[in-house]
Amino acid sequence: MRRVQYERSSGSEMLEVVAAEMPVPGVGELLVRVEAIGVTLSAIRRISAAPVTQMRAEVAGEVVGVGDGVDGFGVGYRVVGLCTSDAYAEYVVLAVDQASAIPDGASAVDAVALMRSGLVALGALDTAAPREGETALVTAAAGGVGHLAVQLARVRGASWVVGAVSDESKIDFVRELGADEVFTYGELHCGKQADYALDGVGGTGLGGTLAGLAEGGRAVTYGTGGGLIDTEDLLAGGKTLTGFRIGRLAQRDPARYEDLRQEVWQYYASGLLHPVVHAEFALDDAAAAHAVIEQRANLGKVVLVP
């Protein structure tokens, strides 16, 4: 089989496709023939050793083998879930507790565009504790998570949704998702101040996010960018800032994690949540797929299709 590996985490130009042995499912694991892979920069930024193949990503496909101790799934089932090792490949092993059945009518591409990103968006939204009629701000609103967060904020009762994007070419896309106003980051102060914010940028961009909050506003960040913020706005405005990571929730509260998974699928099935795929790339073009995200050029999710 074929698998993508990289030599160091300094850039996507190091990604390459190599021949690899077929993985074998262990206790509590599924062997999945991969049909779609959700591209994420964190797949290569978590590890710095070289050469490395342990790339994390959401994968979707058909179960073709089952390890010991597996209940609820069998050969022929279609599943999606977070693969924590060697995810950019034609076949992967997936822990059964990370697997979710793909409902009838949903494609593998839709599944990877929806599940992990949808879980992050919905989990961050829950952490913000939105109330009916409040105003929401979503940064990185055109991204894989952000475009779902815009829709979910509306589903959860936001009366006004403001999107923030990196450049003007993304404004129309975010408006079509249901945002009432869309600004670039430099113009964010011009928008209606929000009761809560879902931030996908992090780092130094948090200053603009906090500035976009009304007095007493709540910001939840799932962005991984490094940097410092000036706490004066937090203190003077009585605002709060909370970090959110979906992996931490999955480990500490698996029941809540499962509830989120079911809720995301329900919104999808009812037509309230529409995952958007920016582009599909072959495994050989994994470097190009990463470049799209690094350049902030994507509108929605970027997907690999083996």
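Just so we're clear, the structure is a prediction, and the values are computed from it rather than from any experiment. (Residues numbered from 1 in each chain as written. Predicted model: local features only at pLDDT ≥ 70, side-chain atom pairs only at ≥ 80, totals over all residues. Heavy atoms only, no water.)

**Description of the pattern of salt bridges**
Per the stated rule, a full pass over the model turns up 12 salt bridges. Residue Arg156 pairs with Glu263 through a salt bridge whose shortest N-O separation is 2.8 Å. Taken together, the residues span a long stretch of sequence, with Arg156 in the loop between helix 3 (146-155) and strand 9 (160-165) and Glu263 in helix 8 (residues 254-269) at a distance of 107 residues. Salt bridges sharing partners connect three or more residues here, namely Asp126, Arg156, Arg256 and Glu263. (Salt bridge = Lys/Arg side-chain N within 4 Å of Asp/Glu carboxyl O. Helix = DSSP H or I, 4+ residues; strand = E, 2+ residues; numbered from the N terminus.)

**Focus: the sheet that holds strand 13 (residues 240-243)**
Strand order in this open sheet of six strands is 10-9-8-11-12-13, and the pairing throughout is parallel. Single-partner strands in this sheet number two, and they are strand 10 (181-184) and strand 13. Each adjacent strand pair in this sheet contributes to an overall mean axis angle of 20°, direction not counted. Pairing geometry for strand 12 (residues 213-221) and strand 13, over four bridges, is parallel. Within strand 13, the residue paired with Thr221 across the bridge is Gly243. (Pairing = 2+ DSSP bridges. Axes fitted to C-alpha atoms, helices over the stretch in contact; angles between N-to-C directions.)

**Side note on the nonpolar core**
Counting 53 residues, the largest nonpolar core has Val80, Val150, Val174, Tyr196, Leu198, Ile246 and Trp265 as the members making the most contacts within it. For this core, the element with the most residues is helix 2 (residues 108-128), which contributes 13 residues. If sequence neighbours within four positions are ignored, Ile246 has contacts with Arg116, Leu119, Val120, Tyr257 and Leu260. One finds Val32, Val34, Val70 and Ala87 within the second-largest nonpolar core, a separate group that totals 32 residues. (Core = buried A, V, L, I, M, F, W, Y, C linked by side-chain atoms within 4.5 Å. Buried < 20%, exposed > 50% of the residue type's maximum accessible area, 1.4 Å probe, protein only. Contact = heavy atoms within 4.5 Å.)

None of this, on its own, says anything about what the molecule does.
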